[in-house]
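Each chain, letter by letter, is given below.
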Amino acid sequence: MLSEEQIRQALHASRVVPLAVARPHGPLGLEQLAAAVSRVNPALGSGAPRVRRPIALDHETWEKLEQLAETAAQTTSQPVTASQMAVAIIEQYVAALPQRGDAQE
Amino acid sequence: MNDPAVNPEDVFQSQLPVGTSLIVIFVPSRDRDGQPIDQEYWVDEVLTTLGRLFRGATAYPRGRGVWRDDERGGTLLQEEPVIVFSYVAEADLTTNALSELYRTLSRMGRQANQGEIGVVIDGKYYGITEYVEG
């Protein structure tokens with residue numbers, strides 16, 4: 001049985017990322033796998049449709065995002081951009097907010 | 001319906017051989033500039049390679065998707081990848097076989113102008129960004 005490192009070398013892979021879906025079964029399993037892959041490489045999976053809107057940030061904020069992206073890239077051994085950090089922070093913050101209906105109850 | 005529960009794998013004798021690995025390859029529909037590629041050709045190429053190396057493979061077309069390329073100004077790109085998968089006997093999963101698979105994937109990455117080619121083997125994603133000439 002080949003090790004992860006032997007497979008990585010044979011495929012000349014620049015990165016290896018463990019996925020949550022180890023052994024997919026059938027079409028639904030493959031869809032689950034594709035969703036997991038799309039989180040690792042958005043170009044290869046569908047993921048949820050996204051919108052793009054230009055937003056303005058001050059220089060200091062952007063520099064901090066770039067520093068965070070650099071740290072994240074070192075931690076995860078994956079390329080991370082300041083834009084991706086901004087998206088992650090905003091999405092996580094907004095996801096944690098109560099729904100409008102919840103607040104009224 | 002008082003019959004005892006049965007295990008379908010026992011009835012159909014369909015259990016996978018011990019040591020079988022699952023290789024999954026995503027064949028994109030567009031290049032990194034959003035231009036359509038000859039996806040059918042590359043699905044055939046990947047199927048042929050997997051069939052030759054590992055005795056068989058299946059292509060599974062998927063629904064439509066969209067992705068954002070941050071390196072190209074956040075452009076939204078529509079993507080309709082095809083998943084090609086193969087169950088591989090442990091004895092067939094060799095460095096030589098994977099090196100040959102890499103040659104096909106490398107050609108796809110280079111000729112179809114891909115940022116990264118993705119391969120999943122037994123639950124691990126291998127991202128390929130180095131494409132050799134040839």
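Read on for a plain summary of the structure. Every chain's residues receive numbers from 1 upward, in the order its sequence appears when written. In the order they appear in the text, chains get letters beginning with A and ligands get numbers beginning with 1. Whole-chain, interface and lining totals are the exception, using all residues; otherwise, since this is a predicted model, local features are given only for residues with pLDDT of at least 70 and side-chain atom pairs are given and counted only at 80 or more.

Focus on the overall build of chain B
Helix and strand definitions here come from DSSP, where helices need a minimum of 4 consecutive H or I residues and strands a minimum of 2 consecutive E residues; each element is numbered from the N-terminal end. Along its length, chain B carries 3 helices and 7 strands. For every residue, the other C-beta atoms within 10 Å of its own C-beta are counted; 20 or more classify it as buried, 12 or fewer as exposed, and values in between as partly exposed. C-beta atoms are placed from the backbone. In chain B, buried positions account for 33% of the 134 residues. Long-range pairs, those at least 24 residues apart, make up 59% of the contacts in chain B between residues at least 6 apart in sequence. Contact between residues is assigned whenever the C-beta positions, reconstructed from backbone atoms, fall within 7 Å.

Concerning the overall build of chain A
Helices and strands together make up the secondary structure of chain A, namely 5 helices and 1 strand. Looking at the 105 residues of chain A, the share that counts as buried comes to 17%.

Considerations on unusual backbone geometry
Residues and elements named next belong to chain B. Of note, the phi angle at R55 is positive, near 80°, even though the residue is not glycine. By the element assignment, R55 lies in the loop between α2 (39-54) and β2 (58-61). We classify R55 as exposed; it has 12 C-beta atoms within 10 Å. The phi torsion at D122 lies on the positive side, around 50°, for a residue other than glycine. By secondary structure assignment, the location of D122 is in the loop between β6 (117-121) and β7 (124-128). Residue classification places D122 among the partly exposed residues on the basis of 19 C-beta atoms within 10 Å.

What about the sheet that holds strand β1 (residues 13-18) of chain A?
Strand order in the open sheet formed by 6 strands is β1(A)-β7(B)-β6(B)-β1(B)-β5(B)-β2(B), and the pairing between neighbours is antiparallel. Both outer strands of the open sheet, β1 of chain A together with β2 of chain B, are each paired with one neighbouring strand and no more. Strand-to-strand twist in this sheet, taken as the mean axis angle between neighbours without regard to direction, amounts to 20°. Lines fitted to C-alpha atoms define the axes, with helix axes restricted to the stretch in contact, and inter-axis angles between N-to-C directions lie between 0 and 180 degrees. Packing against the sheet, helix α1 (residues 4-11) of chain A makes contact with β1 of chain A together with β6 and β7 of chain B, and its axis sits at approximately 25° to β7 of chain B. Of the strands in this sheet, β6 and β7 of chain B are in contact with helix α3 (residues 95-111) of chain B, which crosses β6 of chain B at around 150°. DSSP bridges decide pairing: two strands pair if at least two such bridges lie between them.

Here we look at α3 of chain B
Expected span of a helix: the number of residues minus one, times 1.5 Å. With 17 residues, α3 of chain B should reach 24 Å at 1.5 Å per residue; the first-to-last C-alpha distance of 24 Å fits that figure. Among the residues of α3 of chain B, L98, L101, Y102, L105, M108 and G109 of chain B are the ones counted as buried. Each buried residue of α3 of chain B sits inside an arc of 125° when the element is viewed along its axis, so together they form one side. For α3 of chain B, the secondary structure elements touched by its buried residues are α1 of chain A together with α2, β6 and β7 of chain B. At the C-terminal side of α3 of chain B, N113 of chain B shows a positive phi close to 50°. The reported arc concerns the directions from the helix axis to the C-beta atoms and nothing else.

Looking at the pairing of β7 of chain B
For β7 of chain B, the tally of buried residues reaches 4 of 5 residues, placing the bulk of the element in the interior. By the bridge criterion, 5 bridges tie β1 of chain A to β7 of chain B in an arrangement that is antiparallel. From the neighbouring strand, V16 of chain A faces β7 of chain B, where its bridge partner is Y126 of chain B. When β6 of chain B meets β7 of chain B, the two strands line up antiparallel, connected through 5 bridges. Opposite V119 of chain B, over in β7 of chain B, you have Y126 of chain B as the bridge partner. Hairpin geometry of β6 of chain B and β7 of chain B is characterised by an intervening segment of 2 residues between the two adjacent antiparallel strands and by a positive phi of about 50° at D122 of chain B.

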